[in-house]
Structures are given as C-alpha cells and as structure tokens.
Amino acid sequence: MYIVGIDIAKRKHEAAVIDGEGAVIIKPFSFTNNCSGYNRLLAMLAKAKLPLDEVSFAMEATGHYWLALFTRLQKEGFRVQVINPVQTNSIRSFYIRQAKTDPRDALLIAEVIRFGHFSESTLHPENIYELRELCRGRHAIVSMQADVKRKVVALLDQVFPEYETAFTNLFGDTSMAILQTCPTPKELSEMPFEELCHLIEVSSHKRFRMAKAQELQALARNSFGFAMAGDVFSTMIRLYARHSIS
C-alpha cells in the first residue's frame, strides 16, 4: 500500500508518498492546482513506478480548494480519503516535540491515514451539494441586500430624516422609484409637480398621486436634514436604492 498525502492550498498543493511501513517513497513536492499540476502529480507516481491500484490519496478538507482535485482523482477511479484538518493536530504536535523543525504537512496527512485513526469526510451527492450551494448563495444575497438597505436608511437619516414618515414601507415600489429619481430634499422640492405626480402614479399602480406628491414636496421644503454634499448623498442613495430592490 502506498499513501499519497496532499497538503491543499489555493494555488499550489504539496504531495508526498509513504508506504505502509511509513517509509518515504517520494519526498514532498509541489504541483499547481490545475490540469498541468495534476499531470505532474501522476507523472511523479509513474516515475517512482508505483502500482496505481495500490495507491491511496489523502487530503484535508481545506475550505473549497480540495474539491477540484478530489473530484478529478475520484472520476479517474482512484481511492481518495478526505479528513478534517483537526485530525492532524495530535500527530503534528507529536512530531514537533520530536524535532526542532516543523514536519511537512503532506507527510503528516499520509501518516494519519497509515495509522488509521481518523473519520473520513465525504462529498455529498450532487443534488444535495447543489441545494447547499444555492442556500448559501441566497443567504449571502439576502445579507448583502439587508446591509444595503441599512445604508440607505443611514443616508436618509442624515440628508432627509422626514422622508420615512411618508411611507409605511420605505423599500416599496413607490418609495424606490422616488429614491432612484430625486432622493434629496433639494431634488424633490425642485421636481416639477406634474412630473412627480406621474412618477408616483405609475410606480404605485395608481394608488397614489397628487396628495402623496404634495406631502413629499412639503416634507422636502421643510426638511431639517444635512444640507451639505447633496450631490454625494444623492449619488449614494440612488446607487444603494438600485441594489436594494427585492
């Protein structure tokens, strides 16, 4: 039996090979995380004349960087064992106490497999993996959207604190249309009344029109908001509003 221990990294991995007795067959060497690197890994095994049916690959589940190599090896019929990085800590501590220099992690990973005291991680079936990634992606997008909405509120609190009193939902269609068109008191108060009425009527699907336009312009003309840097506030609110729409 031969064990190929692989220390996973983002751009380059490191591999080393030991036999069933712990003797080093191939000293640690690096290979890139791409097709040419993968070919180099197999070429090193071929150069050492190792029977591939007796070779087992081992690696730690380091972030997501192990997935490409793992799936390529598994697809080509190799036995691949994936362990949690925590499981190498005890053997790493042992070797550090025995030597002045730190051991190479690729050899340590191979030793963990040789000793057999590990629990193996597995890759979920493709449909489960897809669902997990979709859920993670949705959670990330929702979190980003919530952060953008907080930024919109923070900016309005400074430049136009009265604005939120005009809407029960600050991020509803009508409010978003206004924030993307005339988000500051100066812009809103100077917007032609008929034009504002039309914007409100269309964005609210005819729920609001003249009364809401009058209310908004009255708030704008009497706003106690921060009056400086209006162009900057306007630009930032427009940008954030555009990215906060559900």
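About the cut-offs
Residues numbered from 1 in each chain as written. Predicted model: local features only at pLDDT ≥ 70, side-chain atom pairs only at ≥ 80, totals over all residues. Heavy atoms only, no water. Helix = DSSP H or I, 4+ residues; strand = E, 2+ residues; numbered from the N terminus. Buried < 20%, exposed > 50% of the residue type's maximum accessible area, 1.4 Å probe, protein only. Areas by Shrake-Rupley, 256 points an atom, 1.4 Å probe, with all protein chains shown as cover. Axes fitted to C-alpha atoms, helices over the stretch in contact; angles between N-to-C directions. Parallel < 35°, antiparallel > 145°, perpendicular 65-115°, else oblique. Left-handed = near helix turned anticlockwise from the far one by under 90°. Contact = heavy atoms within 4.5 Å. Nonpolar A, V, L, I, M, F, W, Y, C, P; charged D, E, K, R; others polar. Expected span 1.5 Å × (residues − 1). Arc of directions from axis to C-beta. Salt bridge = Lys/Arg side-chain N within 4 Å of Asp/Glu carboxyl O. Lys, Arg positive; Asp, Glu negative; His and termini not counted. Polar contact = N/O pair within 3.5 Å; in protein donor to acceptor, adjacent residues only side chain to side chain. Core = buried A, V, L, I, M, F, W, Y, C linked by side-chain atoms within 4.5 Å.

**Q** Mind showing me how you'd approach the overall build of the protein chain here?
**A** Summing up its helical and strand segments, the protein chain has 10 helices and six strands in all. Looking at the protein chain as a whole, 37% of its 246 residues qualify as buried. In the form shown here, the protein chain has an accessible surface area of approximately 14,500 Å², with 56% of it arising from carbon and sulfur atoms.

**Q** Would you mind showing me how to read the packing of helix α8 (residues 193-203) against helix α9 (residues 210-221) here?
**A** Each packed pair of helices is defined by two parameters, the angle between the axes and the distance between the axes. Interaxial distance between α8 and α9 falls to 9 Å at its minimum, and their mutual angle equals 120 degrees. Taken as axis vectors, α8 and α9 run oblique relative to one another. By crossing handedness, the relation of α8 to α9 is classed as right-handed. In this structure, α8 contributes Phe 193, Leu 196, Cys 197 and Ile 200 to the contact, and α9 contributes Met 210, Lys 212, Ala 213, Gln 214, Leu 216 and Gln 217. A per-class count over the contact of α8 with α9 returns seven nonpolar, two polar and one charged.

**Q** Is there a simple way to think about unusual backbone geometry in this case?
**A** For residues other than glycine, phi is negative in most cases, and the peptide bonds are mostly trans. Despite not being glycine, His 205 has its phi angle at roughly 55 degrees, a positive value. Relative to the helices and strands, His 205 is located in the loop between α8 and α9. The backbone of Lys 206 sits at a positive phi, close to 70 degrees, despite the residue not being glycine. Assignment of secondary structure puts Lys 206 in the loop between α8 and α9. Owing to a relative accessible area of 68%, Lys 206 belongs among the exposed residues under this scheme.

**Q** Explain helix α1 (residues 35-47) to me, please; I cannot follow it from the model alone.
**A** Its 13 residues place the ends of α1 18 Å apart at the C-alpha level, agreeing with the 18 Å of an ideal helix rising 1.5 Å per residue. Within α1, the full set of buried residues consists of Gly 37, Tyr 38, Leu 41 and Leu 45. An end-on view of α1 places all buried positions within 105 degrees of arc, on one side of the element. Opposite the buried face of α1, by more than 90 degrees, sit the exposed residues Ala 46 and Lys 47. Each element contacted by the buried residues of α1 is listed here: β1 (2-7), β2 (12-19), β3 (24-32), β4 (55-60) and α2 (67-75). Of the residues one or two after α1, Lys 49 is the one with positive phi, at around 55 degrees.

**Q** Where do I start with the environment of Leu 52 in this structure?
**A** Assignment of secondary structure puts Leu 52 in the loop between α1 and β4. Take Leu 52: its relative accessible area is 43%, and that puts it in the partly exposed class. As a C-alpha pair, Leu 52 and Met 1 span 51 residues in sequence and 9.7 Å in three-dimensional space. Look past the residues within four positions of Leu 52 in its chain and what remains in contact with it is Leu 45 and Phe 78.

**Q** Please clarify how the pattern of salt bridges should be interpreted in this entry.
**A** According to the stated counting rule, one finds 11 salt bridges in the structure shown. Glu 133 is the salt-bridge partner of Arg 132, the closest N and O atoms lying 3.8 Å from each other. A cluster of three or more residues bridged by salt bridges with shared partners is formed by Arg 132, Glu 133 and Arg 136.

**Q** Could you clarify how one ought to interpret the side chain of Asp 19 in this entry?
**A** Position of Asp 19 relative to the elements: it lies in strand β2. Buried charge without a partner: Asp 19 forms no salt bridge, and the closest opposite charge is Arg 114, 6.4 Å away. In this structure the side chain of Asp 19 is engaged in a polar contact, spanning 2.9 Å, whose partner is the backbone nitrogen of Glu 21. Among residues more than four places away in sequence, those in contact with Asp 19 are Met 1, Tyr 2, Ile 25 and Arg 114.

**Q** Is there a simple way to think about the nonpolar core in this case?
**A** Counting 26 residues, the largest nonpolar core has Leu 156, Phe 160, Tyr 163, Ile 178, Leu 179, Leu 188 and Leu 216 as its most contacted members. Put simply, the parts of the chain that give this core at least two residues each are α5 (126-159), α6 (173-179), α8, α9 and α10 (230-243). Discounting chain neighbours no more than four positions away, the residues touching Leu 216 are Phe 160, Tyr 163, Ala 166, Phe 167, Ile 178, Leu 188 and Ile 200. Counting residues in each nonpolar core, the second largest holds 23 residues, with Ile 6, Val 17, Leu 41 and Leu 73 among its members.

**Q** I tried to follow helix α4 (residues 105-115) on my own but got confused; where do I start?
**A** Along an α-helix, a turn takes 3.6 residues, which lines up residues three or four apart on a common side. Along α4, eight of the 11 residues are buried, which leaves the element largely enclosed by surrounding structure. Burial in α4 covers these residues: Ala 106, Leu 107, Leu 108, Ile 109, Ala 110, Glu 111, Val 112 and Ile 113. Of the residues one or two after α4, Gly 116 is the one with positive phi, at around 80 degrees.

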